[in-house]
Amino acid sequence: MTDSPRPRDPRTALVDRWRDTLLAARSGAPGPDPLPYAENLLNRWDEPQRRYHTTAHLTAVLDRIDTLASCAADVHAVRLAAWFHDAVYRPDRTENEERSAALAERALPEAGVGEAVTAEVARLVRLTVTHDPAEGDGNGEVLCDADLAVLAGSPQEYAAYAAQVREEYGFVPDEAFRAGRADVLRQLLALPRLFRTPHGAEEWEARARHNLATELELLGSPSDPR
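Cut-offs and rules
- Residues numbered from 1 in each chain as written.
- Predicted model: local features only at pLDDT ≥ 70, side-chain atom pairs only at ≥ 80, totals over all residues.
- Heavy atoms only, no water.
- 1 Å grid on protein atoms, 1.4 Å probe; cavity = no way out; pocket = protein on both sides within 12 Å on 5 of 7 lines; lining within 4 Å.
- Points joined across faces, edges and corners; volume = space filled by probe spheres on them.
- Helix = DSSP H or I, 4+ residues; strand = E, 2+ residues; numbered from the N terminus.
- Axes fitted to C-alpha atoms, helices over the stretch in contact; angles between N-to-C directions.
- Parallel < 35°, antiparallel > 145°, perpendicular 65-115°, else oblique.
- Left-handed = near helix turned anticlockwise from the far one by under 90°.
- Contact = heavy atoms within 4.5 Å.
- Buried < 20%, exposed > 50% of the residue type's maximum accessible area, 1.4 Å probe, protein only.
- Polar contact = N/O pair within 3.5 Å; in protein donor to acceptor, adjacent residues only side chain to side chain.

A. Region of the structure containing the layout of surface pockets. As a volume, the largest pocket reaches approximately 1,000 Å³. As for the largest pocket, its lining consists of 33 residues, of which Glu-97, His-131, Tyr-169, Arg-181 and Val-184 are closest to the centre. Sorting the residues of the lining of the largest pocket by element identifies helix H5 (96-110), helix H7 (138-148), helix H8 (155-168) and helix H9 (174-190) as the ones contributing at least two each. Here the element with the most residues in the lining of the largest pocket is H9; it accounts for 7 residues.

B. Quick peek at the packing of helix H3 (residues 55-68) against helix H4 (residues 75-84). It is at 9 Å that the axes of H3 and H4 come closest, and there the two elements cross at 165 degrees. Here H3 lies roughly antiparallel to H4, going by the angle between them. As for the relative orientation of H3 and H4, their crossing is right-handed in sense. Here Leu-58, Val-61, Leu-62, Ile-65 and Asp-66 of H3 lie close against H4, whose contacting residues are Val-75, Val-78, Arg-79, Ala-82 and Trp-83.

C. H4, seen in detail. When you tally the buried positions in H4, you get 9 out of 10 residues, the bulk of the element. Looking at H4, one finds that the buried residues are Val-75, Ala-77, Val-78, Arg-79, Leu-80, Ala-81, Ala-82, Trp-83 and Phe-84. Check the buried side of H4 and you find it contacts helix H1 (10-26), helix H2 (35-45), H3, H5, helix H6 (115-127) and H7. With a side-chain oxygen positioned 3.2 Å from the backbone nitrogen of His-76, the residue opening H4 is Asp-74.

Here it is in structure tokens:
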């Protein structure tokens, strides 16, 4: 009887995914070793101030992009955008997406990625400010749906997500956090559609809206965004 294969370390698995994506995005162009870029990004995702925006979130987003890949015009750009979309994350700052996009604009050309793909990655990262892609923006729809899919978890999964978000904002007093979080939930509920891909609309939309409305109610606010 042979031993079953040992599961790969999650960090090693992410390094492999980064290498494969970067090499594909280069389209055969030469470039430096992908490993140092993976290590730099993973060290960012492992920073101590993070509770939700961790490598577990990155892995989940990449997995969902795999599910939605057929809807993207350039899935390699979308995957790179997932790596960078929360690469800079400080919960006490408001310019995280812009700084993350700027990091992509610096790092990707150095890593051998062409100008057009780099520009698309930066655009997608900036799109996560609103999660509101334009009609027909397949790349944006895939990234935003993958990022928001956490909202459609089971009640237990959603409660764990909400608790992690609260931990990241532990420096904010309870009353101020409840008010700010309620505003975020209302903005999401006010979107005509949370999910733009066919899979997201069918599988995630109803559960996500139920979870958002439930959290808003628990915060002591009305669930109707209008």
